[in-house]
Amino acid sequence: MRKVRMTLSILTMTLVTLTAMSCKDGKKDGERAPMSNEMHQDEGHNHEGSEKMMTNNSGNNATNAIIDNYLQIKNALVADDQEAAAKAGGNLFGDFKNFDKSSYSSEEKQELTDIIEDAKEHAEHISESPIEHQREHFDILSKDVIDMIAITGTDMKLYQDFCPMYNDNKGAQWLSATKEIKNPYFGSKMMKCGEIQREIN
Amino acid sequence: MRIIKIILLILLVAFVAIQFIPASRNISDTVPKTDFMEVNKVPATIQNKLQMSCYDCHSNNTDYPWYNKIQPAAWFLEDHIKEGKDELNFNEWGDYSARRKNSKLRSIISQIEDDKMPLDSYTIIHRDARLSETDQKEIIKYMNLLKNSL
């Protein structure tokens, strides 16, 4: 009897260990949801969120929602705020997922599909990564959003900025709604690094 | 004491029962034309390293370890492989657009630079999948070349 009990307990221990191992992944999914509900936007950093234009053109709503969440990520990175960037990244992922391409030509649709597939991945990674990785993904995401706007257009006033130092001096672009340079790639380390490349609208 | 015995018995039965739930296995004996190695001219040394260190989770063919048939370990593996392939599938490289190739290469480089890939939980069992510093440098150099040629 004693032997049986011992065999059983060994088996149970094995089972418990294995189950615990398989649980790891399940938990990770839960943590993926953005962690903070506060936006930390009121800390005197940047108030671009409030500067967003009222949209009266319904065709542009989806694009503007994307730009809006993109700018929120940008502001969070300027403020070195990983949590706020993650939250906005999650929202941006949803915006891309729900983007309606039906009003575009087939060629544009194809290009948009490509851009959105890529951008979705970057938004998702931003929603779950440490800040340095968020910045890497933001670099490529910026390119995607710039290319997207070239197709969809927007009625928002935007500045396309360029930081020559990021990514081992290869440089990186970003979009901003304000003229003043506030660098999302270096944050407080090098806030003023960068120049305006062009103005949109 | 009786209750414990019953619980243990139930657990044992459950453990045995889950062994009969079929698990999907990531095995394919053909290498598609879209494979990374087919699309690009990859030096043999780098081919070997990628095959050894990346392809188990980032292609359609996994070289399974012995415990792959025991549940729930098999589920754990299946989950990992699915996630890995969603992120990057070397077998489908040719199907990625230039934009996505660029993104993937950037991620490959960054993951290797930061020692994030291959995963520690993987290399602890697959010792030969570990990348030495020289391996890392070689792969990064090659991926950078590829990225600049896009």
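Residues numbered from 1 in each chain as written. Chains lettered and ligands numbered in written order. Predicted model: local features only at pLDDT ≥ 70, side-chain atom pairs only at ≥ 80, totals over all residues. Heavy atoms only, no water.

The name given to chain B in an unreviewed UniProt entry is Haem-binding domain-containing protein, with Marixanthomonas spongiae as the source organism.

Chain A is annotated in an unreviewed UniProt entry as DUF3347 domain-containing protein of Marixanthomonas spongiae.

Is there a simple way to think about the overall build of chain A in this case?
Each helix and strand counted, chain A has seven helices and three strands in total. Along its sequence from the N terminus, chain A presents helices and strands in the succession α-α-α-α-α-α-β-α-β-β. Of the contacts made within chain A by residues no fewer than 6 positions apart, 66% connect residues no fewer than 24 positions apart. Surface accessibility of chain A: about 10200 Å² in total, with carbon and sulfur atoms responsible for 53%. (Helix = DSSP H or I, 4+ residues; strand = E, 2+ residues; numbered from the N terminus. Contact = heavy atoms within 4.5 Å. Areas by Shrake-Rupley, 256 points an atom, 1.4 Å probe, with all protein chains shown as cover.)

Would you mind going over the overall build of chain B with me for this structure?
In terms of regular secondary structure, chain B is built from eight helices and zero strands. Reading the helices (α) and strands (β) of chain B from amino to carboxyl end gives α-α-α-α-α-α-α-α. The C-alpha radius of gyration of chain B comes to 19 Å, more than 25% above the 15 Å expected for a compact globule of 150 residues. Counting only C-alpha atoms and orienting by the principal axes, one finds that chain B spans roughly 70 × 30 × 25 Å. (Rg over C-alpha atoms; globule rule 2.2 N^0.38 Å.)

Looking at this structure, how should I read the pattern of salt bridges?
Two side chains that carry opposite charge are able to pair once their charged atoms sit near each other. Inspection of every chain in the model, using the stated rule, returns 16 salt bridges over all chains. Arginine 99 of chain B is the partner of glutamate 111 of chain A in a salt bridge, and the nearest nitrogen-oxygen pair spans 3.5 Å. One end of the pair, glutamate 111 of chain A, is in helix α5 (residues 106-126); the other, arginine 99 of chain B, is in helix α6 (residues 98-113), on a second chain. Across the pair lysine 192 of chain A and glutamate 180 of chain A runs a salt bridge whose closest N-O atoms are separated by 3.0 Å. Taken together, the residues span a long stretch of sequence, with lysine 192 of chain A in the loop between β2 (172-176) and β3 (195-200) and glutamate 180 of chain A in the loop between β2 and β3 at a distance of 12 residues. (Salt bridge = Lys/Arg side-chain N within 4 Å of Asp/Glu carboxyl O.)

What am I meant to see in the confidence of the model for chain A here?
On average, residues of chain A carry a pLDDT of 77, and 71% of them reach 70 or more. Below a pLDDT of 50 lies the segment residues 20-58 of chain A, which in the model reaches 54 contacts outside its immediate sequence neighbourhood of four places, other chains included. (pLDDT = per-residue confidence, 0-100.)

How do you make sense of the packing of aromatic side chains when you look at a structure like this?
Aromatic ring pairs are described here by two measures, namely the spacing of the ring centres and the angle between the planes. Taken as a whole, this structure holds 10 aromatic pairs over all chains when the rule is applied. With a centroid separation of 6.0 Å and 75° between ring planes, the pair formed by tryptophan 174 of chain A and tyrosine 185 of chain A is classed as edge-to-face. Here tryptophan 174 of chain A is found in strand β2, whereas its partner tyrosine 185 of chain A is found in the loop between β2 and β3, with 11 residues between them in sequence. Each member of the pair, tryptophan 174 of chain A together with tyrosine 185 of chain A, is buried. Ring geometry for phenylalanine 36 of chain B versus phenylalanine 90 of chain B: centroids 5.1 Å apart, planes at 75°, classification edge-to-face. One end of the pair, phenylalanine 36 of chain B, is in helix α2 (residues 36-39); the other, phenylalanine 90 of chain B, is in the loop between α5 (73-87) and α6, and 54 residues separate them in sequence. For the pair phenylalanine 36 of chain B and phenylalanine 90 of chain B, a shared accessibility class is recorded, and that class is buried. (Phe/Tyr/Trp six-rings, centres within 6.5 Å; stacked < 30°, edge-to-face > 60°. Buried < 20%, exposed > 50% of the residue type's maximum accessible area, 1.4 Å probe, protein only.)

Help me understand the packing of α6 of chain B against helix α8 (residues 133-148) of chain B in this model?
Packed helix pairs are characterised by how far apart their axes lie and by the angle those axes make with each other. Residue and element names in this part refer to chain B. The N-to-C vectors of α6 and α8 enclose an angle of 160°; their axes lie 10 Å apart at closest approach. In terms of axis orientation, α6 runs roughly antiparallel to α8. Once α6 is placed against α8, the crossing between them reads as left-handed. Side by side, α6 and α8 meet where Asn102, Leu105, Arg106, Ile108, Ile109, Ile112 and Glu113 of the first sit next to Gln136, Ile139, Ile140, Met143, Asn144, Leu146 and Lys147 of the second. Class assignment of the residues belonging to the contact of α6 with α8 gives a composition of eight nonpolar, three polar and three charged. (Axes fitted to C-alpha atoms, helices over the stretch in contact; angles between N-to-C directions. Parallel < 35°, antiparallel > 145°, perpendicular 65-115°, else oblique. Left-handed = near helix turned anticlockwise from the far one by under 90°. Nonpolar A, V, L, I, M, F, W, Y, C, P; charged D, E, K, R; others polar.)

How do you make sense of the sheet that holds β3 of chain A when you look at a structure like this?
Two pairing modes exist for strands in a sheet, parallel and antiparallel, and in both the strands are linked by backbone hydrogen bonds. Residue and element names in this part refer to chain A. Strand order in the open sheet formed by three strands is β2-β1-β3, with antiparallel pairing between adjacent strands. For this open sheet the edge positions go to β2 and β3, each flanked by a neighbour on one side alone. The sheet shows a mean angle of 25° between the axes of neighbouring strands, direction not considered. In terms of strand pairing, strand β1 (residues 158-163) meets β2 through five bridges, oriented antiparallel. Looking at the pairing, aspartate 161 lines up with tryptophan 174 of β2. Running at roughly 115° to β2, helix α3 (residues 61-78) makes contact with β1 and β2 of the sheet. (Pairing = 2+ DSSP bridges.)

Would you take a moment to explain unusual backbone geometry for this structure?
The phi torsion of most residues other than glycine is negative, and most of the peptide bonds are trans. Here the bond from methionine 117 of chain B into proline 118 of chain B is cis, since omega is -10°, no more than 30 degrees from zero. Structurally, proline 118 of chain B can be placed in the loop between α6 and α7 (120-123). The phi angle at asparagine 169 of chain A is positive, at roughly 65°, despite the residue not being glycine. Along the polypeptide, asparagine 169 of chain A turns up in helix α7 (residues 166-169).

How should I be thinking about the nonpolar core in this particular structure?
The biggest cluster of nonpolar side chains holds 40 residues, and the ones touching the most others in it are Ile73, Phe96, Phe138 and Leu141 of chain A. Mapped by element, the contributors of at least two residues to this core are α3, α4 (82-97), α5, α6 (131-152), β1 and β2 of chain A. Among residues more than four places away in sequence, those in contact with phenylalanine 138 of chain A are Tyr70, Ile73, Lys74, Leu77, Ile126, Trp174, Pro184 and Tyr185 of chain A. Grouped together as the second largest cluster of nonpolar side chains are 21 residues, Ile46, Tyr55, Phe90 and Leu131 of chain B included. (Core = buried A, V, L, I, M, F, W, Y, C linked by side-chain atoms within 4.5 Å.)

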